[in-house]
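Given next are the chains, with one letter for each unit.
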Amino acid sequence: MSTSTSTKSAASKGKWFKLVWILPVALMVLFAVVLAAKGLRDLPAVQTFLTQYPGESELPQGTPVGFPPWLSWQHFLNALFILLIIRSGWLVRTTTRPPAYWTRNNKGPIRTKTPPTKMSIHLWLHQSLDALWILNGVVFYILIFATGQWKRLVPHSWDIFPNALSAVLQYASLDWPSENGWVNYNGLQLLAYFTTVFIAAPLAIATGLRMSSAWPKHTANLNKIYPIEVARKLHLPVMLYFVGFIVVHVTLVFATGALRNLNHMYAAHDGGGWTGFWFFAASLVVMIIGWIAVRPILLRPIASLTGSVTK
């Protein structure tokens, strides 16, 4: 056995050894948090706090109830794009020798004075998916403000913070707050959705644009105001935020009434039945196919439609 092979084997064993220890430690920490939360809930002052702030704030008059069908399609497309963006972004970050490179054709109706930038095929995929995600997001912003759905995503009172704290305590004690997302989100959900839609998403776009080839290169003043180093330091944490949000979001969807929640998101109705589940299952198949399809043999012919692909 060669030295390099033995070194890789030892490193792999080291990673698994760390993972084996991380899981029981994480379970012990989780168990301690649950015990502490249950103990806090027995205190009279905390019980009074939970009564005063049950977990959700009142919505302003005129707030729409329920989810329109267009939001189901938006949810599916957003989930698909963000999943593939995370996958392609991780490939960009971790692949040392890309399997192919893409260069934009500087011919036809769209031409630029600066020469086209050569990039890895993973970066081409990442930026292409970014463009589709942004387009979907623009449609989303227009529709939520046109239909009043934005009122469900924006805090309207300062009591959102104590209500969010109340929801945290209820979740942590495993005596979870009442769920009725068809009408209103609890304080913690609302803050998470607001952060995702109005802070994390624009921040992902702003940092990604600064790092992309679309950013103007001959703008010294603008580059000084917004250095690329700042974008690089922020872009990865934003991606990790999205990963964490997805994990928690999916977990709570299935843990707080899966069929009803899936009907909200995929079938646009409030109730039981399996309609939303089957739509979700179909969307999951599409996502799996998309995940598997991120391979050079499939990306090359698509990328060649918009530029030249080389090794």
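Located above this text is the structure these notes cover.
All values reported here derive from a predicted model rather than from experimental measurement.

## Quick word on empty space enclosed by the protein
All chains considered together, the criterion is met by one cavity of 30 Å³ or more. Approximately 70 Å³ is the volume attributed to the largest cavity. Ser57, Glu58, Leu59, His156 and Leu190 are, among the 15 residues lining the largest cavity, the residues nearest its centre. Per-class residue counts for the lining of the largest cavity are six nonpolar, six polar and three charged.

## Some words on the nonpolar core
Of all hydrophobic cores here, the largest spans 32 residues; its most connected members are Trp124, Trp133 and Phe242. Elements represented by at least two residues in this core include exactly α3 (69-94), α4 (121-147), α6 (187-211), α8 (228-255), α9 (258-267), α10 (275-292) and α11 (296-303). For this core, the element with the most residues is α3, which contributes nine residues. Not counting chain neighbours up to four residues away, the residues in contact with phenylalanine 242 comprise Ile82, Ile86, Trp133, Thr196, Ala200, Ala201 and Ala204. Judged by nonpolar contacts, the second largest core, of twelve residues, contains Leu153, Ile160, Trp182 and Val197.

## A look at the sheet that holds strand β2 (residues 118-120)
If you trace the three strands from one edge of the open sheet to the other, you get β2-β1-β3, paired in antiparallel fashion. Of all strands in the sheet, those bounded by a partner on one side alone are β2 and β3 (307-310). Taking each pair of neighbouring strands and ignoring which way they run, the sheet shows an average axis angle of 30°. Summarising the sheet, strand β1 (residues 101-104) and β2 pair through three bridges and their orientation is antiparallel. Its bridge partner lying in β2, threonine 103 is registered against lysine 118. Contacts between α4 and the sheet are confined to β1, β2 and β3, with β2 contributing the most and set at about 90° to the helix.

## Quick word on the pairing of β1
Examined bridge by bridge, β1 and β3 share four bridges and lie antiparallel to one another. If you follow tyrosine 101 over to β3, its bridge partner there is threonine 310.

## Focus: the packing of α3 against α9
Look at α3 against α9: their axes get within 7 Å of each other, and the N-to-C directions meet at 95°. Considered as vectors, α3 and α9 are oriented roughly perpendicular to each other. Together, Ser72, His75 and Phe76 of α3 and His264, Met265, Tyr266 and Ala267 of α9 make up the contact between the two elements. Class assignment of the residues belonging to the contact of α3 with α9 gives a composition of four nonpolar, three polar and no charged.

## Quick look at the layout of surface pockets
Empty space among the atoms becomes apparent when a probe as large as a water molecule is rolled across them. Space inside the second largest pocket adds up to approximately 910 Å³. In terms of lining, the second largest pocket is formed by 34 residues, of which the most central are His126, Asp130, Gly208, Met211 and His235. Elements with a minimum of two residues in the lining of the second largest pocket: α3, α4, α6 and α8. When the residues that make up the lining of the second largest pocket are grouped by side-chain class, the tally is 21 nonpolar, eight polar and five charged.

## Some remarks on unusual backbone geometry
Look at leucine 174: it is not a glycine, yet its phi comes out positive at around 65°. Assignment of secondary structure puts leucine 174 in the loop between α5 (160-172) and α6. Judged by its relative accessible area of 55%, leucine 174 falls in the exposed class. Non-glycine residue alanine 268 carries a positive phi angle of around 55°.

Reading the values: rules and limits
Residues numbered from 1 in each chain as written. Predicted model: local features only at pLDDT ≥ 70, side-chain atom pairs only at ≥ 80, totals over all residues. Heavy atoms only, no water. 1 Å grid on protein atoms, 1.4 Å probe; cavity = no way out; pocket = protein on both sides within 12 Å on 5 of 7 lines; lining within 4 Å. Points joined across faces, edges and corners; volume = space filled by probe spheres on them. Nonpolar A, V, L, I, M, F, W, Y, C, P; charged D, E, K, R; others polar. Core = buried A, V, L, I, M, F, W, Y, C linked by side-chain atoms within 4.5 Å. Buried < 20%, exposed > 50% of the residue type's maximum accessible area, 1.4 Å probe, protein only. Helix = DSSP H or I, 4+ residues; strand = E, 2+ residues; numbered from the N terminus. Contact = heavy atoms within 4.5 Å. Pairing = 2+ DSSP bridges. Axes fitted to C-alpha atoms, helices over the stretch in contact; angles between N-to-C directions. Parallel < 35°, antiparallel > 145°, perpendicular 65-115°, else oblique.

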